[in-house]
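The primary structure of each chain is shown beneath.
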Amino acid sequence: MGTQRNGFSKRETFILSVDVGTTSIRCHVYDKSASIRGSCSTKVSLLYPQPGWVEIDPEDLWKGFVTVVKGAVQDSGLQMCQMESLGISTQRATFMTWDRNTGKPFHNFITWQDLRAAELVKSWNGSCTMKTVHGVMKMLHFLSRQKRFLAASLVVFTTQHVSLRLVWALNNIPQLRQAVEDGSCYFGTIDTWLLYKLTKGLVHVTDYSNASATAIFDSYQMCWSGFLCSLLSIPLSILPSVQNTSHKFGTCDPSIFGVPIPIMSLMADQQAAMFGECCFDIGDVKITMGTGTFMDINTGNKPHTSVAGLYPLVGWKIGADVVYLAEGNAAGTGAAIKWAQDLELFSDVKETEAIATSVKDSDGVYFVPSFSGLQAPLNDPRACASFMGLKPSTTKRHLVRAILESIAF
């Protein structure tokens, strides 16, 4: 027996793969040869309640997730009972807190683009505490000659990190503070929230790739950083447990999709892209261009200790094997294109090449796409997006060329 659309036996099983990005949620149904048999996508609605704030409504995200899974299975012509497992990749450093008993969120998802903690970041980076930490790390480096301590002496907070955005939430949301005191608060990135919802509140877990991108995880010790959490007064009790990237995280409650589907993988989106491009060897490099641009380098079974602003991440952990990445990123590349389009510098992205090449150069105009501050090697959250070198001879064509050149370099 087979389905009307594709003729596959109903006994044949398939895999669901969902990617929750910054601008869209996509689901594919894969067969055992990794061919796509069905797909569905929907947009992610970003909220801007105040200047610099960027949020996502958790219930909207949940509804979108369920919709694309059902839509992809319907598009495949298969049945939900043929779905053998579910894997989820998600945008990183976007987080939420909620009541562990009721599942009620204390606030919307605060995304990785959000700038509400900018003043807190500025204050901490210039504080006596940070100067003391940097000094101690320099001394430890002098005594031990371990490069890890030298890198730690240069580390600064940024708004992209979960750490100080979570501190902001703990300081400014009374219900959240009360829940922490009562022991009824859960923290989680998007993967953790989806897992909690899919299992009807039974599981509070993340994986190593997502945890390592929060900046409150120690990638050297492979655990939540007790030192950093103590420094920032972040209670360890609210953090999820951390499991391997390939792991049976739980099973979807049958009331959601009609059948219990095992959840067999959670993975952060950039690490998932690295894995998907088969960058398995030391030195392999992946560059992803989306809302932001991310460069990742496979550094093998040891975290890379950078003094040039690159960030050590866990790529994935499968069994006992851990693969680390070193990452640098520019947060506003795709966002800059969308911003320029909204300003009507062009109507279709496809037009930009012709516009940019219609002039020989940018006429000395430079564009800094730092909508969310500057990342490596400066890591300055206070930097503002700007055009420089404007003059009476500057035209719209020069502006478009300057924008494209800033993204290309």
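Residues numbered from 1 in each chain as written. Predicted model: local features only at pLDDT ≥ 70, side-chain atom pairs only at ≥ 80, totals over all residues. Heavy atoms only, no water.

In the nomenclature of an unreviewed UniProt entry, the protein corresponds to glycerol kinase from the organism Cirrhinus molitorella. Heading Sequence similarities (unreviewed entry) of the UniProt record for the protein holds this comment: "Belongs to the FGGY kinase family." (UniProt positions renumbered as here; feature names shortened; annotations may be inferred.)

## Considering the sheet that holds strand β15 (residues 262-268)
Taken together, the six strands give an open sheet; going across it, the order is β3-β2-β1-β6-β15-β14, and neighbouring strands pair in mixed fashion. The open sheet has two free edges, formed respectively by β3 (36-43) and β14 (246-251), since each of these has just one partner strand. Across this sheet, the average inter-strand angle for adjacent strands is 25°, counted without regard to direction. Sheet strands in contact with helix α1 (residues 58-76) are β1 (14-20), β2 (24-30), β3 and β6 (83-90), and its direction is about 150° off that of β3. (Pairing = 2+ DSSP bridges. Helix = DSSP H or I, 4+ residues; strand = E, 2+ residues; numbered from the N terminus. Axes fitted to C-alpha atoms, helices over the stretch in contact; angles between N-to-C directions. Contact = heavy atoms within 4.5 Å.)

## Things to note about the packing of α1 against helix α7 (residues 190-198)
Orientation of α1 relative to α7, taken along the N-to-C sense of each, is 70°, at an axis distance of 11 Å. Classified by the angle their axes make, α1 and α7 are roughly perpendicular. Here the hand of the crossing between α1 and α7 comes out right-handed. Contact residues: α1 offers Pro58, Glu59, Leu61, Trp62 and Phe65, while α7 offers Ile190, Trp193, Leu194, Lys197 and Leu198. (Parallel < 35°, antiparallel > 145°, perpendicular 65-115°, else oblique. Left-handed = near helix turned anticlockwise from the far one by under 90°.)

## Side note on unusual backbone geometry
Here Ala93, not a glycine, exhibits a phi torsion of approximately 60°, which is positive. Relative to the assigned elements, Ala93 resides in the loop between β6 and β7 (95-99). For Ser233, which is not glycine, the phi dihedral falls at a positive 60°. Position of Ser233 relative to the elements: it lies in the loop between α9 (226-232) and β13 (241-243).

## Considering the sheet that holds strand β17 (residues 293-300)
The strand order across the open sheet built from four strands is β16-β17-β19-β18, with neighbouring strands paired in antiparallel fashion. With partners counted over all chains shown, the strands left at the sheet margins are β16 (285-289) and β18 (311-318), one partner each. Mean inter-strand twist for the sheet, computed between neighbouring axes without regard to direction, equals 30°. Looking at chain direction, β18 and strand β19 (residues 321-330) are connected through seven bridges and run antiparallel. Within β19, the position partnered with Lys317 by the bridge is Val322. Running over the sheet, helix α11 (residues 269-276) touches β16, β17, β18 and β19 and is turned about 60° from β18.

## Brief notes about the UniProt feature "domain: Carbohydrate kinase FGGY N-terminal" (unreviewed entry) in the protein
Taking the numbering used here, the UniProt-annotated feature "domain: Carbohydrate kinase FGGY N-terminal" (unreviewed entry) corresponds to residues 15-276. The annotated region residues 15-276 carries 39% helix and 26% strand content, and the separation between its end C-alpha atoms amounts to 15 Å.

## Describing the nonpolar core
The biggest cluster of nonpolar side chains holds 41 residues, and the ones touching the most others in it are Phe65, Leu86, Leu198 and Phe257. Among the elements of the structure, β1, β2, α1, β6, β7, α7, α10 (254-257) and β15 are those that each provide at least two residues to this core. If sequence neighbours within four positions are ignored, Phe65 has contacts with Val18, Val20, Ile25, Leu86, Ile88, Leu194, Leu198 and Phe257. Core analysis: the next-biggest nonpolar cluster, separate from the first, contains 40 residues, Val121, Met130, Leu170 and Ala179 among them. (Core = buried A, V, L, I, M, F, W, Y, C linked by side-chain atoms within 4.5 Å. Buried < 20%, exposed > 50% of the residue type's maximum accessible area, 1.4 Å probe, protein only.)

## Here we look at the side chain of Gln91
Along the chain, Gln91 turns up in the loop between β6 and β7. Within polar-contact distance, the side chain of Gln91 engages the side chain of Thr94 at 2.7 Å. Those residues in contact with Gln91 that lie beyond four places of it in its chain are Val20, Gly21, Thr22, Ile56, Trp112, Ile190 and Asp269. (Polar contact = N/O pair within 3.5 Å; in protein donor to acceptor, adjacent residues only side chain to side chain.)

## A word on the packing of aromatic side chains
Tallied over the full model, the rule gives 19 aromatic pairs. Centre to centre, the rings of Phe275 and Phe280 are 5.0 Å apart; their planes meet at 65°, and the pair counts as edge-to-face. By relative accessible area, which is 33% here, Phe275 ends up partly exposed. With relative accessibility at 42%, the residue Phe280 sits in the partly exposed group. With centroids separated by 6.2 Å and ring planes inclined at 90°, the aromatic side chains of Phe280 and Trp316 adopt a geometry described as edge-to-face. A residue pair is termed long-range when its members are at least 10 positions apart, and Phe280 in the loop between α11 and β16 and Trp316 in strand β18 qualify at 36 residues. For Trp316, a relative accessible area of 5% gives the class buried. Members of the aromatic cluster, connected to one another through ring pairs, are Trp98, Phe109, Tyr186, Trp193 and Tyr196. The lysine or arginine in question, Arg116, covers the ring of Trp53, its NZ or CZ lying 3.8 Å from the ring centre. Its end group placed over the ring of Trp168, Arg116 keeps NZ or CZ at 4.9 Å from the ring centre. (Phe/Tyr/Trp six-rings, centres within 6.5 Å; stacked < 30°, edge-to-face > 60°. Lys NZ or Arg CZ within 6 Å of the ring centre and 35° of its normal.)

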